[in-house]
Structure formats: structure tokens, C-alpha cells
Amino acid sequence: MQHWQRDALHEAADRHAIISMTDVTGRITYVNDKFCTLSGYRREELLGATHGLIKSGRHSREFYADLWRTITGGGTWHGEVCNRKKTGDIYWVSATIMPMTDEAGNPAGYVSIRTDITLFKRTQEKLQESTQRYKFFIDNVEEGIVVCDRGIIVDASERWFELFRCRREDAIGQPVMSFTADRVVPMALQLIESKWAEPYESVMLRHDGTTFPAIVRGRNQMVGERELRLTTVLDISRQKENEQAVQASKLEAERANQAKTEFLSSMSHELRTPLNAIFGFAQLLEFDESLDRDQQDSAQEILKAAGHLLGLINEVLDLAKIESGHMTLSIETVLLAPVFDECEQLLRPLVSERKISLHMPAASTAAVWADRVRLKQVLLNLLSNAIKYNRPQGEVRLTVEAGGGHFRIAVADTGNGIAPEDLARLFQPFNRLDAEHSKIEGTGIGLVISRRLVEAMDGAIGVDSTLGQGSRFWIDLPRADPAMATLQLPELPRKIKREAYGQEHVLYIDDNPVNLKLVTQMLGKLRNILLVTAHTPELGIELAQSREPCLILLDINMPRMDGYEVLQVLKADLKLRHVPVIAVSANAMPKDIERGIAAGFADYLTKPIDVGRFLESIDRHRLKGERS
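Below or above, wherever it landed, is the structure these notes cover. Since the structure is predicted, the reported quantities are computational estimates derived from the model, not experimental observations. Here, residues in each chain are numbered from 1, in the same order as that chain's written sequence. Whole-chain, interface and lining totals are the exception, using all residues; otherwise, since this is a predicted model, local features are given only for residues with pLDDT of at least 70 and side-chain atom pairs are given and counted only at 80 or more. Only hydrogens and water are removed before side-chain values are computed, so all heavy atoms of the structure are retained for them.

1. Points about the nonpolar core
Inside soluble globular proteins, nonpolar side chains tend to come together where they are buried.
Item 1. In these notes, a set of buried Ala, Val, Leu, Ile, Met, Phe, Trp, Tyr and Cys residues joined through side-chain atoms within 4.5 Å is what counts as a nonpolar core. Whether a residue is buried, partly exposed or exposed follows from its accessible area with a 1.4 Å probe, protein chains only, as a fraction of its type maximum: under 20%, in between, or over 50%, in that order. Counting residues in hydrophobic clusters, the biggest one holds 38 residues, and the most contacted among them are V368, L375, L379, V396, I475 and L477.
Item 2. Labels follow the DSSP assignment, with helices taken as runs of H or I lasting at least four residues and strands as runs of E lasting at least two, numbered in each case from the N terminus. Of all the secondary structure elements, the ones that give two or more residues to this core are α11 (336-354), β13 (367-370), α12 (372-388), β14 (395-403), β15 (406-413), α14 (446-456), β16 (460-466) and β17 (470-478).

Below is the structure:
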């Protein structure tokens, strides 16, 4: 090689590579310009020094020991070295270090040729960091991820292997369908073939043979010239367990409610049956003109006690129905004025007895959204409390105030008032604030029922009270358009008048002798009716077929055949199907009444029998039976 060629080669190498030479002890004897430029050191600082001057501290002692073993043994060392500039910045080089010998073949030093790979290493580190982050994310998300090529697994995340309880070697190269429960394979294949991308619920098969429910979502992706399918699998076992637990709790709650309903129905029947005799015979005594004043007073006391007991039963059952969710409301537009009039007339005896001044609002067209019957029940409770807990010759004032989208109906009294610390206990069941030790009758649940009813009607109830001055209870109900109200005439209590009718046959079927006796006396004294009674369902059917009565009274709970079965037999008889049949039963729950009317009873009367309601129904349906 000619001299000029060697110079050109040397210049090209010097411009491209980082070159240095050392003696056999490792001290630098030569560096090119590129070495100086890259390291930041001047040539004078480098010559005579060792390469330890540019060590970065990134490599271990074993790394440098291996390098020296290689070159001192006559070999050539190749590798990547991290060095540090004079400024403190690091840089990476790809180095080739080889020994040099003299003419006699003895070691003379070492030459190192390096290439700057700092940019490559930085790119590589970023790529590794990005890959690690991606892998961390893939392996730690809740979903397992699997990649398939034409249905064969080519890769999967660590989470996927955890979900399917298998090792990588047990899955890679296997059909993905081998990890799907047999019963859902057809659906899964159809979705894959259609390139379905929306999530769907499936059942997965683990490597150990167990299954688990999952939400699966797959999408197709072109990678180079291959179309791969990436699928995520989310284990929803816990969600399913929670759903099953909720469903089980719901079923348990429904069973509990059903049991409570059955208990309420049974209690209602058992309590009303004996009360029917007390209430019924007392009403008969009330209309017995042969009784003297003392006897009439005694009958009134019996009626009063029976009425109080019936009120207690109704309130307890009302509260139980509300708490069990069986209280149904009929929300409609209700004019307040007629409801107020009904309440006033019903409370007149109590107002007169307690010598209370009751002030009602002037007639107005105010209307609210409410259940008319339940609103009347709430107002009667508030007004009767205001009357009972008032001072002698006190006042009770009912007012209506408009506010926003509601009307406030307030009942104010001039009683003793309620202490602030007692107000919170007012709406607790059976808490009468020590009034149970007084002569004032009550149950302690009227206000509880009132609150539940008002809130069920989308309203609110509250109280303001001052000791020594009185209390003011109020309810807020949504305002309604009065024009939408249907005028309802109040059903006022009325005296039962004797009416002259020709004798007619009325059949009463009941297995309870006391009930038979009560109804016999009622109709015997107050109506000119020939009552035929039957103490068994079979006898009742036989009498109906032989006597062809104009009206039949029928109990529900009877042995061997209940009232519904008897009704079916009667309606199936061509000669009797036109005869009105009235149910007279102690089954007084709303669902009982609804069932009775739906079954075909002309009317459904509950025990204890209200004489006025009882006779009115008999008169009305007896005339229908005559015309048929």
C-alpha cells in the first residue's frame, strides 16, 4: 500500500471512529480528535492517563476483569461500554479492543476502535422502558389478553395464564376454543367468523377443567401480512355471585313479605271474628227500643269499647301493611273542602264531649294530589289528637296555606304543647310521650301511620310546638288542578229506619253459630225478611237449590269447601246464577276484597259487621235479585 493510500485510510478511520492506544500497562499513548471531541477532554489531559478517567460507574468490576483477561491473553474484545464525559454526561460506544505486538512478537500495547452509539442506546432504553410499561399494564389489568392466528394462540398476557390456570407452554400453539366451555363454542365460533367486536358474555374453560363466567371482547388486527385476533377475557365470577346473592336476598325478602302478609291476613281474621259478635250484638242493642236509659248507656259503652278495639286492630294492621310494602294508594285530584266537611261531621260528637271550639276554613276550591281515603284518615288523626290533647274549652283551628307547588294543611290546638326534646319521639311507634298514663285513649301509632301515608303521597309532615301554648301539626301535599277533581259526596253516618217489605227468603251460609245468630237477630229485628241459615257449605247449597232465595250471604272460611268453591257451584246452577251472593268475611285485607269482587261476589262485607253498611247492601242487592 502506498504512503498516500495509508494516509487516506488513516484519515477516514479517524473521522469515523474513536481511536485510542495504550501501552501494556493501560496508559493512553494516543487519542484521535474524535475521542477528544466526544469525551470533552483535551489531548494533554488524556495522554498518560488510563481509561479509568472516563469510566461511568455503570459497569461492574467483573466486566472490566473479563475485558483485560481477553486482551492480555492475546484475544480481541468486543462489547458496548458506557463512558462519562468531562461534563459528567454519559455516552455509549461499541468498542473493539485488540493487543499490539512489536517486531519480536512481544506485547507492545493495545488499540481501541469505538463507534458512538449513544443515540441508539437511548432509543433502545426508551423502547425497553415502553415495552416494560406496556407489559406491566397488560399483565396487571383485570382482563386477560390472548392473541390468536387463525384460531391458534400465539401469545397471551400473564393475567390470561392466571385466569386459565395454565403455563405458557400449555397454551401457546393450542386452539383458543380449547379454553372455551363446550356449550358456548358454537356461539363463540360464529362471533369470531363474523369478526364480532362488541363484548359478550361467555363461559371459559380453565386448564384444570373448571369453568368461569366471563365478558369476552375480540377484534381483528392486521400485523404485517397476517390478520390476528386480539381477545380480552374478564372474569365476572364475583359479579355473578353478587347477582345470585342479591337474587337470593330478594327471594328471601319476598318470602318474608309473603309470610308477613299471610300472618296479617290470619291475625285480621282471628281478631275480627270474635269482635264481630261484640260489635254486632251491641249494635242490635242500640236499636232495641225496649231497653231503658241505663241499658242504652251500657250498650253505648260496649259499642264505644268495641269501636276503640277495632280502631286499634285497624291501625296495627295498617302499620304492618305499610312496613311490608302492601299498602296501595290511589293518587288523584282531591278537593279539600268536601274532605274537611266529612271530617267535621265525624268529629262533632268528640268536639261536643270535650267542649272544644273547632274552626274549619271557609269553602275553597283548593285541591291536592292525594289518596282521598288516606288523606281523610290522616286529617282525622291530627284533628282528633288536637281535640283529645287540648285543654278544657280549648280551640282547634284547621287552615290551608298555599306555597310554591303545594298546599300546607295545618291543625293548631291550644293544648299544653310539647317539649323540644320530646318532638323527635313523636313519630316513633307506640310512643305516646307518657300520655299512656292519662285517661286519654290512644295507641301511639297514629302519627307513625300518618307520616308514612303522607310521604307515600309525595308529601311531608311536621310539627311546631310551644310549651304552655299549644302545637301545630302540618302536612304539605302537591297542588292539583281543581277542575280535574271528581265531586264525591260524603258518606255520612245515618240512622237505620225500619222499612216495610214483604217477607222474602235470604240464605246465610256460615259455619260459626254466633255469626248465624247475630245475622238472624239483625234481619229479624230490622228487616221483614225470612232468613234461612246453613252451618255447612253442603247444606247451604242444598237449601239454595230447594228454596231459590232472592239473596245469599256467604262466609269465606269454612271447612271442606270455602266460600269461593261454594260460589262456583251456585253460579254453575242455571236456576241460581242470577241470585246475588254477598261475601260476609273476617278476611278484611285489601287483596281479599279485590279477590272476592273479581270472583263474582255482588258485594264484599267485612267483619265486624257495620249494621248500616250491611243492611244497605242487602236492600240494594235483594231488589236486584227480585228483578232477575
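2. Describing the sheet that holds strand β10 (residues 226-235)
Item 1. By the convention used here, strands pair only if DSSP detects at least 2 bridges between them. With antiparallel pairing, five strands are arranged side by side in an open sheet as β7-β6-β10-β9-β8. The open sheet has two edge strands, β7 (152-156) and β8 (200-205), and neither has a second partner. With direction set aside, neighbouring strand axes in the sheet form an average angle of 40 degrees. Lines are fitted to the C-alpha atoms to define the axes, a helix being fitted only along its stretch in contact, and any angle between axes, read from their N-to-C directions, falls within 0 to 180 degrees.

3. So, the packing of α12 against α14
Item 1. The geometry of α12 relative to α14 is characterised by a closest axis approach of 10 Å and an angle of 145 degrees between their N-to-C directions. Crossing of α12 over α14 shows left-handed handedness. Of the residues in α14, those in contact with R374, Q377, V378, N381, L382 and N385 of α12 are G446, L447, I449, S450, L453 and V454.
Item 2. Here the nonpolar group is Ala, Val, Leu, Ile, Met, Phe, Trp, Tyr, Cys and Pro; Asp, Glu, Lys and Arg are the charged ones; every other residue, Gly included, is treated as polar. Its residues placed into classes, the contact of α12 with α14 shows six nonpolar, five polar and one charged. Here a crossing is taken to be left-handed if its near helix is turned anticlockwise relative to the far helix by less than a right angle, and right-handed if that turn runs clockwise. The contact definition used throughout considers only heavy atoms, calling two residues in contact when any of these lie within 4.5 Å.

4. Considering the pairing of β16
The side chains of a regular strand alternate, residue by residue, between the two faces of the sheet.
Item 1. Here β16 pairs with β17 via seven bridges, running antiparallel. Pairing of S465 across the sheet is with S471, part of β17.
Item 2. The antiparallel hairpin formed by β16 and β17 contains three residues in its connecting segment, where G468 sits at a positive phi of about 85 degrees.

5. As for the sheet that holds strand β20 (residues 551-554)
Item 1. Spatial ordering of the open sheet is given by β19-β18-β20-β21-β22, a layout of five strands whose pairing is parallel. Each edge of the open sheet carries a strand with a single partner, namely β19 (530-534) and β22 (603-606). Adjacent strand axes in the sheet meet at a mean angle of 20 degrees when their direction is disregarded.
Item 2. In terms of strand pairing, strand β18 (residues 505-509) meets β20 through four bridges, oriented parallel.

The quantities given are spatial measurements derived from coordinates; they are silent on function.
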